[in-house]
Amino acid sequence: MARPRKPLLSTDRIVGAARTLVDAEGLAALSTRRLAAELGVSGPSLYNHFRTKDQILEAVADSVSAQVDLSMFKDGRDWRTALHDWAVSYRAALRDHPNIVPVLARGPGRRPAGLRLADAVFGAMVDAGWPAAQATSIGALMRYFVTGSALGSFAGGFVDDETAYDPADYPHLGQAHLLAEQQEKIDDRAFETGLTALLDGLAQQYAALHQ
């Protein structure tokens, strides 16, 4: 009887396993030895696809960027709506993979999906009538805002213990211990509040440019 064949090692399989490991245990858990063990292969076999652990992390980060929807920049939505919808998709991708956000926060570098993302935002803003310099600033601003929102939860930063927020010391935090249990709702509302304020400000600048 023929022996069952092991699945062939591929770039996609390595990246998928690395992403799963980082999602579950964080960046510190990833090593070539650990990843090889998860894949059931020898460590040196990974080097046929990636020379270093950093290259694997870059590929994992790019796989997350590839999950961001860019269709809104091609289907006729106005620039403000497109920017809003893209930011929501971008945040969703990062929220699904929070442990890789510090790598993504470094910028796209040479990562193809990350560069396509930057190109789409910049191109859409220029096509909408923003000067190139301001289109660059908008891309940077949006990345700061979305990445920052994914680096941690505001509501989750408070402990579920009312004794930690003695009114004598923190007179306005008497209900802070209740925030964690509504973490998703509070964080989503904060994101939408900030995004709306940001887009309102850009809309004012845009109107001034085109008076």
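Preceding this paragraph is the structure being described.
Note that the structure is a prediction, hence the values are computed from the model and not measured. (Residues numbered from 1 in each chain as written. Predicted model: local features only at pLDDT ≥ 70, side-chain atom pairs only at ≥ 80, totals over all residues. Heavy atoms only, no water.)

A. Quick look at the overall build of the protein chain. Summing up its helical and strand segments, the protein chain has nine helices and zero strands in all. Reading the secondary structure of the protein chain in the N-to-C direction produces α-α-α-α-α-α-α-α-α. Relative to the globule expectation of 17 Å for 211 residues, the C-alpha radius of gyration of the protein chain, 21 Å, shows a markedly less compact shape. In terms of overall dimensions, the protein chain has C-alpha extents of about 75 × 55 × 30 Å along its principal axes. Every one of the 211 residues in the protein chain was classed for burial, and the buried ones make up 34%. Taking the contacts inside the protein chain whose residues are at least 6 apart along the sequence as the reference set, 70% of them involve residues at least 24 apart. Taken together, the 21 basic and 25 acidic charged side chains of the protein chain have centroids lying 14 Å from each other. (Helix = DSSP H or I, 4+ residues; strand = E, 2+ residues; numbered from the N terminus. Rg over C-alpha atoms; globule rule 2.2 N^0.38 Å. Buried < 20%, exposed > 50% of the residue type's maximum accessible area, 1.4 Å probe, protein only. Contact = heavy atoms within 4.5 Å. Lys, Arg positive; Asp, Glu negative; His and termini not counted. Charge placed at Lys NZ, Arg CZ, Asp CG, Glu CD.)

B. Main features of a negative patch on the surface. Where like charges cluster on the molecular surface, the negative patch consists of D160, D161, E162 and E181. In this structure, E162 sits in the loop between α8 (132–150) and α9 (183–209). (Patch = residues over 30% accessible without salt bridge, like charges linked within 9 Å, V, L, I, M, F, W, Y side chains within 5 Å. Areas by Shrake-Rupley, 256 points an atom, 1.4 Å probe, with all protein chains shown as cover. Salt bridge = Lys/Arg side-chain N within 4 Å of Asp/Glu carboxyl O.)

C. Region of interest: the pattern of salt bridges. Applying the stated rule across the entire model yields nine salt bridges. One salt bridge connects D200 with R80, and the closest N-O pair in it is separated by 2.7 Å. In this pair, D200 sits in helix α9 while R80 sits in helix α5 (residues 79–96), placing the two residues 120 residues apart along the sequence. Look at D200 and you get partly exposed, because its relative accessible area is 34%. Note that R91 is salt-bridged to D188, the shortest N-O span being 3.0 Å. With R91 in helix α5 and D188 in helix α9, this pair connects stretches of sequence that are 97 residues apart.

D. Spatial organisation of the packing of aromatic side chains. Summed over the entire model, instances satisfying the criterion amount to eight aromatic pairs. Consider the rings of F158 and Y165, whose centres lie 5.9 Å apart with planes at 55°: the pair is tilted. Judged by relative accessible area, Y165 falls into the buried class, the value being 12%. In textbook terms, an aromatic cluster arises when at least three aromatic residues are bridged by ring pairs, as seen for F73, W86 and Y90. Taking NZ or CZ as reference, R91 lies 4.6 Å from the ring centre of F191, over its face. (Phe/Tyr/Trp six-rings, centres within 6.5 Å; stacked < 30°, edge-to-face > 60°. Lys NZ or Arg CZ within 6 Å of the ring centre and 35° of its normal.)

E. Examining the packing of helix α7 (residues 112–127) against α8 more closely. At a closest axis distance of 9 Å, the pairing of α7 and α8 adopts a crossing angle of 140°. By the angle class used here, α7 and α8 are oblique. For the pair α7 and α8, the sense of crossing is right-handed. When α7 is examined against α8, the residues V121, F122, M125 and V126 are found in contact with a partner set consisting of A132, A135, T136, I138 and G139. Per-class residue counts for the contact of α7 with α8 are seven nonpolar, two polar and no charged. (Axes fitted to C-alpha atoms, helices over the stretch in contact; angles between N-to-C directions. Parallel < 35°, antiparallel > 145°, perpendicular 65-115°, else oblique. Left-handed = near helix turned anticlockwise from the far one by under 90°. Nonpolar A, V, L, I, M, F, W, Y, C, P; charged D, E, K, R; others polar.)

F. Focus on the environment of R80. Judged by its relative accessible area of 27%, R80 falls in the partly exposed class. Between the C-alpha atom of R80 and that of S31, which follows or precedes it by 49 residues, the distance is 42 Å. Beyond its immediate stretch of four places on either side in the chain, R80 contacts T196, L199, D200 and A203.

G. Quick look at the side chain of S89. Relative to the helices and strands, S89 resides in helix α5. On the basis of relative accessibility, which here comes to 16%, the residue S89 falls in the buried class. Looking at S89, its side chain comes within polar contact range of the main-chain nitrogen of D69, at 2.9 Å. Leaving out residues up to four positions away in the same chain, S89 has contacts with Q67, V68 and D69. (Polar contact = N/O pair within 3.5 Å; in protein donor to acceptor, adjacent residues only side chain to side chain.)

H. A look at α7. Relative to the 22 Å expected for 16 residues at 1.5 Å per residue, α7 spans 22 Å between its end C-alpha atoms, a close match to the ideal helical length. A113, G114, L117, A120, V121, A124 and M125 are the residues of α7 that are buried. Down the axis of α7, the sector holding all buried residues measures 125°, keeping them to one side. For α7, the exposed residues lying more than 90 degrees away from the buried face are R116, D119 and D127. On its buried face, α7 sits against α4 (53–65), α5 and α8. (Expected span 1.5 Å × (residues − 1). Arc of directions from axis to C-beta.)

All we've got here are geometric facts, nothing functional implied.
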